[in-house]
Amino acid sequence: MRPFPSIFSLPIAAALLGGLGAPASSLGEESLVEEFYASVPADWSETVAPAVADSFVTVLQLDFDGELLATGSGAILDDGLVVTCFHTIGEGRPLELHLPDGSVVAPTEIVSFDPISDIAILRYAEGAAASGLSLSLDSPLMGQPVAAMGNPGGDPGFFVTGVIAGESITVAGQEVLPLSMAIERGNSGGPVVDVTGKL
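Quick caveat: nothing in here was measured; it's all calculated off a predicted structure.

Caption draft 1: View of the overall build of the protein. Looking only at helices and strands, the protein features 3 helices and 14 strands. Here the protein holds 199 residues, and the buried ones make up 46% of them. A separation of at least 24 residues holds for 68% of the contacts in the protein among residues at least 6 apart in sequence. Summing over all exposed atoms, the protein offers an accessible surface of approximately 9,600 Å²; the carbon and sulfur share of this is 54%.

Caption draft 2: Broad picture of the nonpolar core. Counting 16 residues, the largest nonpolar core has Val83 and Val193 as its most contacted members. At the level of secondary structure, the elements contributing two or more residues to this core comprise helix H3 (44-53), strand S3 (68-78), strand S8 (119-123) and strand S9 (145-150). In terms of residue count, the dominant contributor to this core is H3 (3 residues). Aside from chain neighbours lying at most four places away, what touches Val193 is Val48, Val52, Leu133, Val146, Ala147, Lys198 and Leu199.

Caption draft 3: Focus on the pairing of S9. Of all the 6 residues making up S9, 6 are buried; the element is thus mostly covered by neighbouring parts of the structure. In S9, alternate side chains face the same way, and those of Pro145, Ala147 and Met149 on one face and Val146, Ala148 and Gly150 on the other are all buried. Here S9 pairs with strand S14 (residues 192-193) via 2 bridges, running antiparallel. Among the inter-strand pairings, Ala147 is bridged to a residue of S14, identified as Val193.

Caption draft 4: Quick look at the side chain of Ser117. Along the chain, the position of Ser117 falls in the loop between strand S7 (109-114) and S8. Classification of Ser117 as buried rests on a relative accessible area of 6%. Among the polar contacts made by the side chain of Ser117, one reaches the side chain of Asp114 at a distance of 3.2 Å.

Caption draft 5: Structural view of the pattern of salt bridges. Inspection of every chain in the model, using the stated rule, returns 1 salt bridge. The salt bridge partner of Glu109 is Arg123, with a shortest N-O separation of 3.3 Å. Of this pair, Glu109 sits in strand S7 while Arg123 sits in strand S8; the two residues are 14 residues apart in sequence, bridging distant segments of the chain. Exposure remark for Arg123: the relative accessible area of 29% places this residue in the partly exposed category.

Caption draft 6: Expanded view of H3. Here H3 has its buried residues at Trp44, Val48, Ala49 and Val52. For H3, the buried positions fall inside an angular range of 120 degrees around the axis, keeping them on one side. Among the exposed residues of H3, those pointing more than 90 degrees away from its buried face are Glu46 and Thr47. Structurally, H3 contributes buried residues whose contacts are with strand S2 (56-62), S9, strand S10 (158-164) and S14.

Caption draft 7: Just the environment of Phe64, in detail. In this structure, Phe64 sits in the loop between S2 and S3. For the pair Phe64 and Arg93, spaced 29 residues apart in the sequence, the C-alpha separation amounts to 7.2 Å.

Cut-offs and rules
- Residues numbered from 1 in each chain as written.
- Predicted model: local features only at pLDDT ≥ 70, side-chain atom pairs only at ≥ 80, totals over all residues.
- Heavy atoms only, no water.
- Helix = DSSP H or I, 4+ residues; strand = E, 2+ residues; numbered from the N terminus.
- Buried < 20%, exposed > 50% of the residue type's maximum accessible area, 1.4 Å probe, protein only.
- Contact = heavy atoms within 4.5 Å.
- Areas by Shrake-Rupley, 256 points an atom, 1.4 Å probe, with all protein chains shown as cover.
- Core = buried A, V, L, I, M, F, W, Y, C linked by side-chain atoms within 4.5 Å.
- Pairing = 2+ DSSP bridges.
- Polar contact = N/O pair within 3.5 Å; in protein donor to acceptor, adjacent residues only side chain to side chain.
- Salt bridge = Lys/Arg side-chain N within 4 Å of Asp/Glu carboxyl O.
- Arc of directions from axis to C-beta.

Read these as spatial facts, not as claims about activity.
Structure representation (C-alpha cells):
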C-alpha cells in the first residue's frame, strides 16, 4: 500500500460521492455556461445510466466473523481496479466487492489510498467482465448537471441526477465541490459523472 501522489488524488476524488473536488468555474462566465447547456441532450441521463451501471461496484465492509458492518459504493477504473472512498474500506477490515456481472470477490490489494482526500484504489483478480469509466479533465461548471450512482439501503445501482451547486470551498485545508442531489448512507464512494458518463 502507498499513499496517492497529490497530483493524482485531486481529479479522482472530485468524482466520488463523499470525496473532495476541483474548483468549479464561476457562473459569471455566462457565455460558457450557455454554450455548455446548449450542447446537453435532453435525455442524457437515460444514456449515461446504463454505462455507469456497467462499472458500478458495491463495497461491503465486514467484521472478522463475516458479519456486515457497512455498505458503500465504488467504480471500476480499469479491469482489476476499483476506486472508492477511503472511509468505506475501514481500517484493515475484510471487504467484499460485488461486481457488475454479479460476481463477488475480495480485493487482492489496496493499491493506494489517501485518508485526507478520502480516496482508495483496490485491486481484485482480473477476468470479470466489466467496463471501466473514463476520467474527465474538464473543469466543472457551477450549475452543471451531473449524476451519481450508489447503494443506499442495500439497493445497488441507485441512479440520481443533480447539479454542481457552487464554487469549491475549503474545508480542513481541502477543496470541496458542493453537489445538489439526494445522497444517502451507502452512496459513499459512488461515481459522480458528467453528461458524457465520465468521472
